[in-house]
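Residue-level structure breakdown
One-letter residues, chain by chain:
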Amino acid sequence: MNVGKMTSTQQAMGDRGLADDAVASWQSRCINALLRLLPIKKRLASAAVVQEHVRRLAMRPASHKPTGLGRGVEVTLKSVAGWPVYYTAPSTNPDVGNYVLFLHGGGYINEIVRAHWRFVGYVTREAGVRCVVPIYPLAPRGTAKDVVPATGELLRKLLEEAGSSRVTVIGNSAGAGLGLAAAQWLRDCGYRQPNELVLISPGLDASVSPEQVAIAAHDPVQDIPGIVEAVRLYAGDLDVTHPYVSPLNGDFRGLAPMVVFSGTLDLLYPDSVDLAAKARAAGVPIELHLRKGQPHNYPVMPTPEGREALAIILRVLIR
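These notes cover the structure that comes with them.

A few words on the pattern of salt bridges. According to the stated counting rule, one finds nine salt bridges in the structure shown. Of the charged contacts in the structure, one is a salt bridge between Glu 52 and Arg 55, with a shortest N-O distance of 2.6 Å. Remark: Arg 55 and Glu 52 occur in helix α2 (residues 47-59); sequence separation between them is three residues, near one turn of the helix. Between Arg 253 and Asp 251 there is a salt bridge; the shortest N-O distance is 2.7 Å. Each of Glu 52, Arg 55 and Arg 56 takes part in one network of salt bridges that share partners.

Here is the structure:
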C-alpha cells in the first residue's frame, strides 16, 4: 500500500482480466448496505480496539473446528510441526484428486471462521479436490518471521507428496498475503512452485497511500487504523516493509501463475493492481478480476458477482 500505487481503477482498465464498469447487482448493493449496518468496521476503528480484541482472544481462544463444511466431505485432523492441520476430501472418492492449500484470512489476529469452512467444503465437493487447511498461530504469538517459513515448509512437503497431482494455493485477505510470501520463500529456497496461486482480496503491503485513505471512507468492512495495528503485531521483530509482512515488496521472478480477485470498495484493492503490474513485469502470468462496487472478500458472498468468481475458481481447480 505505498504512495507509488496506481491512483484509480481507470488506470488499470487496460489490463487483461480486469472488470468493466458494470453496475453492481442489486444483491451486492443490499449486502453492502447490510455490512454498513453491522459493527464489523468498528472492530478496526483504532489500534486500541484491536489490542483489546487480541487480549480477549488470548484469554479465550476461538475454536478452529470445522463448521459448515456441508454434506459429502470427509475431514481429518493431524498435527504437523506443532500446528493443527485439517484435511478434507470428497466422501465419494477421498484418495484421489488435486490438492488445495487453503490459508484463511482474519488480519493475522482472527481464527478461521464458518464462512471459510463453507468455502473449503464447497471447493472440496464441487471441484473434487483434497484441501489442506493449516491453523497457523495468530499474532502476536505467531509472527511473520516464523509463520511464513513454516507455511512454506508445509507447502513444500505437500508438493513433494502430491506426485502428479496439481497443487493450488488459495488464500483470502491476510491468508492471500501469507500464500504469496510462502511462494516467494519456496522460490528463494530453490523449491518448486505450486501450480497456481488464487488470491482473494489480498492484503500485500503494510504501508498506506492517500488513495486508500479515500477508499476507506466507502469500505463497508475495513478501516485503516485497525489493519495497521494488526499488521504491526504480525510483523513482530521484522520491519513492516519486509517481504514476509509485505510480499508486494518481494521478488516476483519465477513465481506460480496467479488469479486475483478484488473489488473497488475494498481499501486493499490498489495492492491487487500493483501486484498485477509487478507480476507481469517479472513475466508471471496473472489474471486480475477487479469488480466495481464489490467489497472485501466478495467471491464468498451470495451475489451474482460472488458466484461468477466461484465459477472461475472452480475452473482453475479442475483444469
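Alright, that's what it looks like, and here's the rest.
Taking 1.5 Å of rise per residue, the 12 residues of helix α1 (residues 26-37) would be expected to cover 16 Å, and the 17 Å separating its terminal C-alpha atoms lies within 8% of that figure. Along α1, the residues classified as buried are Ser 28, Ile 31, Asn 32 and Leu 35. Each buried residue of α1 lies within a common arc of 105° when the element is viewed along its axis, so the set occupies one face. Every exposed residue of α1 that faces more than 90 degrees away from the buried side is listed here: Trp 26 and Leu 37. Its buried side turned inward, α1 meets α9 (304-318).

Of all hydrophobic cores here, the largest spans 65 residues; its most connected members are Tyr 234, Met 258 and Leu 275. What Leu 275 contacts, discounting residues up to four positions off in sequence, is Leu 180, Leu 199, Leu 204, Leu 248, Phe 252, Met 258, Val 260 and Ile 286.

What follows covers the pairing of strand β1 (residues 73-80). The side chains of a regular strand alternate between both faces of the sheet. When β1 meets strand β2 (residues 83-90), the two strands line up antiparallel, connected through eight bridges. Opposite Leu 77, over in β2, you have Tyr 86 as the bridge partner. The hairpin formed by β1 and β2 contains two residues between the paired strands, and Ala 81 there has a positive phi angle of roughly 55°.

The subject of this paragraph is the packing of helix α4 (residues 144-162) against helix α5 (residues 174-188). At a minimum axis separation of 8 Å, α4 and α5 run at an interaxial angle of 70°. In terms of axis orientation, α4 runs roughly perpendicular to α5. The two elements α4 and α5 cross, and the hand of that crossing is right-handed. In this structure, α4 contributes Val 147, Val 148, Pro 149, Thr 151, Gly 152, Glu 153, Leu 155, Arg 156 and Leu 159 to the contact, and α5 contributes Leu 178, Ala 181, Ala 182, Trp 185 and Leu 186. When grouped by side-chain class, the residues that make up the contact of α4 with α5 number 10 nonpolar, two polar and two charged.

A few words now on the packing of helix α3 (residues 114-127) against α9. Two numbers describe how α3 lies on α9: the axes approach to 10 Å, and their chain directions differ by 55°. Taken together, the axes of α3 and α9 are oblique relative to one another. Viewed along their axes, α3 and α9 form a crossing whose handedness is right-handed. Where α3 abuts α9, its residues Phe 119, Tyr 122, Val 123, Glu 126 and Ala 127 lie against Leu 310, Ile 313, Leu 314, Leu 317 and Ile 318. Residue composition of the contact of α3 with α9, grouped by class: nine nonpolar, no polar and one charged.

On to the pairing of β2. Buried residues dominate β2, accounting for six of its eight residues. Strand direction decides the pairing type here: β2 and strand β4 (residues 130-134), joined by four bridges, are antiparallel. By the bridge assignment, Thr 88 is partnered in β4 with Cys 131.

This paragraph deals with the packing of aromatic side chains. A complete count under the given rule lists four aromatic pairs for this structure. Centre to centre, the rings of Tyr 86 and Trp 117 are 5.3 Å apart; their planes meet at 85°, and the pair counts as edge-to-face. Here the residue Tyr 86 occupies a position in strand β2, and Trp 117 occupies one in helix α3, the gap between them amounting to 31 residues. Here Tyr 86 falls in the buried class, since its relative accessible area comes to 5%. Centre to centre, the rings of Tyr 108 and Tyr 234 are 3.6 Å apart; their planes meet at 0°, and the pair counts as stacked. With Tyr 108 in the loop between β3 (99-103) and α3 and Tyr 234 in helix α7 (residues 224-235), this residue pair connects regions lying 126 residues apart in the sequence. By the burial criterion, Tyr 108 is buried, and Tyr 234 matches it.

Here we take up the environment of His 242. Its location among the elements puts His 242 in the loop between α7 and β7 (258-263). Among the residues examined, His 242 registers a relative accessible area of 28% and is labelled partly exposed. Along the chain, His 242 and Gly 97 lie 145 residues apart, while their C-alpha atoms are 36 Å from each other.

The rules behind the values
Residues numbered from 1 in each chain as written. Predicted model: local features only at pLDDT ≥ 70, side-chain atom pairs only at ≥ 80, totals over all residues. Heavy atoms only, no water. Salt bridge = Lys/Arg side-chain N within 4 Å of Asp/Glu carboxyl O. Helix = DSSP H or I, 4+ residues; strand = E, 2+ residues; numbered from the N terminus. Expected span 1.5 Å × (residues − 1). Buried < 20%, exposed > 50% of the residue type's maximum accessible area, 1.4 Å probe, protein only. Arc of directions from axis to C-beta. Contact = heavy atoms within 4.5 Å. Core = buried A, V, L, I, M, F, W, Y, C linked by side-chain atoms within 4.5 Å. Pairing = 2+ DSSP bridges. Axes fitted to C-alpha atoms, helices over the stretch in contact; angles between N-to-C directions. Parallel < 35°, antiparallel > 145°, perpendicular 65-115°, else oblique. Left-handed = near helix turned anticlockwise from the far one by under 90°. Nonpolar A, V, L, I, M, F, W, Y, C, P; charged D, E, K, R; others polar. Phe/Tyr/Trp six-rings, centres within 6.5 Å; stacked < 30°, edge-to-face > 60°.

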